[in-house]
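# Close look at the chain arrangement
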Amino acid sequence: MTSFILASIISLSSSVATSPQDSVITSKVVHNLSLTAGSDYIASSVTDELRIPVAEDERIFSHSALPVSFRYSFSFNNPKIRNYYPGGYQGIAAGVLNIGALSREGVHRASKNIGYPILAYIFQGAPFCRLSRNVTLDYEWNFGAALGWKPYGLDNYRFNLTVGSRVNAYLNLSLLLNWKIADDIAFFGGLAVSHFSNGNTSWPNPGVNSLGLRLGVILSLNPHHGNFQPASPDTLHKKRPEFDISLWGASRKRVYKGGPEPVLLKGHFACAGISFAPMWHLNPWWRLGGAADIQWDESSNLRKHYVSGSNSDDITFTRPGVASQISWGLSAHGELQMPVFAVNIGIGYNLIAPLENRGSYQNITLKTYILPSLFINVGYQLRNFHQQANLMLGLGLTL
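Before going into details, it helps to say that this report is about the structure given with it.

### Structural notes on the environment of G273
Structurally, the position occupied by G273 is in strand 14 (residues 269–281). Exposure remark for G273: the relative accessible area of 9% places this residue in the buried category. Residues G273 and A250 lie 23 residues apart in sequence; the distance between their C-alpha atoms is 9.3 Å. What G273 contacts, discounting residues up to four positions off in sequence, is S246, L247, W248, I294 and Q295.

### Quick look at the sheet that holds strand 9 (residues 185–197)
Overall, antiparallel pairing links the eight strands, which are arranged 3-4-5-6-7-8-9-10 in a closed barrel. Between one strand axis and the next, the sheet turns by 25° as a mean value, whatever way the strands run.

### What about the pairing of strand 6 (residues 115–130)?
As paired elements, strand 5 (residues 89–99) and strand 6 share eight bridges and run antiparallel to each other. For G91, the partnering residue across the bridge sits in strand 6 and is F123. Of the strand pairs in this sheet, strand 6 and strand 7 (residues 135–149) are connected by 13 bridges, and their pairing is antiparallel. Following the sheet pairing, I118 is matched in strand 7 by L147. Turn length for the strand 6-strand 7 hairpin, with the two strands adjacent in sequence and antiparallel, is four residues.

### Some details on the pattern of salt bridges
Close approach of charged atoms allows side chains of opposite charge to pair. Under the criterion given, the structure shown has 10 salt bridges. One network of salt bridges, in which partners are shared, links E242, D244, R287, E335 and K367.

### As for unusual backbone geometry
Even without being a glycine, N301 presents a positive backbone phi close to 60°. A positive phi angle, near 55°, is found at N384, a position not held by glycine. Its location among the elements puts N384 in the loop between strand 19 (374–383) and strand 20 (387–398).

### Considerations on the side chain of S75
Mapped onto the elements, S75 comes out in strand 4 (residues 64–76). A polar contact of 3.0 Å, which involves the side chain of S75, links it to the backbone oxygen of G88. Non-local contacts of S75, meaning those with residues more than four positions away in its chain, are made with K28, V29, V30, N32, G88, Y89 and Q90.

### Some words on the packing of aromatic side chains
According to the stated counting rule, one finds 12 aromatic pairs in the structure shown. Here the aromatic residues Y89, Y121, F123, W149, Y170 and F196 are joined through ring pairs into a cluster of three or more. The positively charged end of R71 is found above the aromatic ring belonging to F123, 4.0 Å away from the centroid. In this arrangement the basic side chain of K367 is found over the ring face of F375, its NZ or CZ atom lying 4.7 Å from the centre.

### Observations concerning the environment of G346
Secondary-structure assignment places G346 in strand 17 (residues 341–352). Given the relative accessible area of 2%, G346 is considered buried. G346 sits 18 residues away from I364 along the chain, and the two C-alpha atoms are 6.5 Å apart. The residues touching G346, leaving out its near neighbours within four places in the chain, are A332, H333, Y361, Q362 and N363.

### Regarding the nonpolar core
By size, the foremost hydrophobic cluster in this structure holds 19 residues, and its most contacted members are F76, Y85, Y139, W141, F341 and L366. Elements that contribute at least two residues to this core include exactly strand 4, helix 3 (79–84), strand 6, strand 7 and strand 19. When residues in this core are grouped by element, the largest group, three residues, is from strand 7. Core analysis: the second largest hydrophobic core is formed by 18 residues, I42, L119, V163 and Y170 among them.

### Some remarks on the sheet that holds strand 19
Whether parallel or antiparallel, the strands of a sheet pair through hydrogen bonds between backbone atoms. Read around the barrel, eight strands follow the order 11-14-15-16-17-18-19-20 and close on themselves; strand pairing throughout is antiparallel. The mean inter-strand angle of the sheet, taken between neighbouring strand axes irrespective of direction, is 25°. In terms of strand pairing, strand 11 (residues 241–252) meets strand 14 through 12 bridges, oriented antiparallel. Following the sheet pairing, L247 is matched in strand 14 by I274.

About the cut-offs
Residues numbered from 1 in each chain as written. Predicted model: local features only at pLDDT ≥ 70, side-chain atom pairs only at ≥ 80, totals over all residues. Heavy atoms only, no water. Helix = DSSP H or I, 4+ residues; strand = E, 2+ residues; numbered from the N terminus. Buried < 20%, exposed > 50% of the residue type's maximum accessible area, 1.4 Å probe, protein only. Contact = heavy atoms within 4.5 Å. Pairing = 2+ DSSP bridges. Axes fitted to C-alpha atoms, helices over the stretch in contact; angles between N-to-C directions. Salt bridge = Lys/Arg side-chain N within 4 Å of Asp/Glu carboxyl O. Polar contact = N/O pair within 3.5 Å; in protein donor to acceptor, adjacent residues only side chain to side chain. Phe/Tyr/Trp six-rings, centres within 6.5 Å; stacked < 30°, edge-to-face > 60°. Lys NZ or Arg CZ within 6 Å of the ring centre and 35° of its normal. Core = buried A, V, L, I, M, F, W, Y, C linked by side-chain atoms within 4.5 Å.

What follows is the structure, encoded as structure tokens:
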């Protein structure tokens, strides 16, 4: 996660407009500063996978949070890019998440039991509907890290079955109404959905989910004048096939369910994968396609290798063969492409897989293009739409 954020900051600060389809190098950018604040409702995120008998009212002690962020963003002041992506922006941000913000008691209990998270993230957004000359409806995503959580432990287990590590991934999707009152000032507000999770690298990891409001103000340091409308995609973009090859690796925790009771296995297990994805450009913003996926999971196919006589306190296995831990699957993908970044969502099914990994899998991946055809990919994988699987950290190439 740290290497991803550093690489993203470098790619943003370089002012290189590397997009998946056309590379346009320009130093002409519009710089913006913004401040955003919100009020969130935190939904209870708990797990019964290990059947820990903790009452619901003790698992979540506060359902309120106040996120505040200071942000820098930029837009490419290049006619071709502005015609492709009018109003698009991207940037970096830092902030805090004040849990239990509606009461002094809530803040005290939150900081004592799960900490005082600090946010560091990248973001990107763009208008998708123009309501008037100065008012647009925008989407925005945030992706980064939340640091400073107090993880699950013996001193706070009654209150904290949601956070298992000090650093958690942060994901956010917002729908915002943007009102430009002058060339250099705009206000925005809307709805936001957020998720915090450690990617199954520590336990517990059901995640923290929230729904809330966002309000903010944007100050443009060197505004451009006038509104650019997108040209017809048919005149700007030629449909063509492309091929993505990506490699990834990560580590994960595993709950073994082969005995009478689920057992959290000690240590971490490696996993890795390779994907070959033919993709087709529909227009400058969307690609559709499929992929052949090969994945290896060190924690799979353990049931046949259980050492008879070992107990849940010291459960042991003989090492399975690598070939028996590989899954072979096919997946369908849709991808939103913008300058620098692309967001890819995939749904697939393992045709051949160990028992633990049979069924469907779902991926959401953020690609950061550090060169016109080379990208860093950071993603997360689920199994059967609800089981946490693993992070996906790697590199990819678009041909």
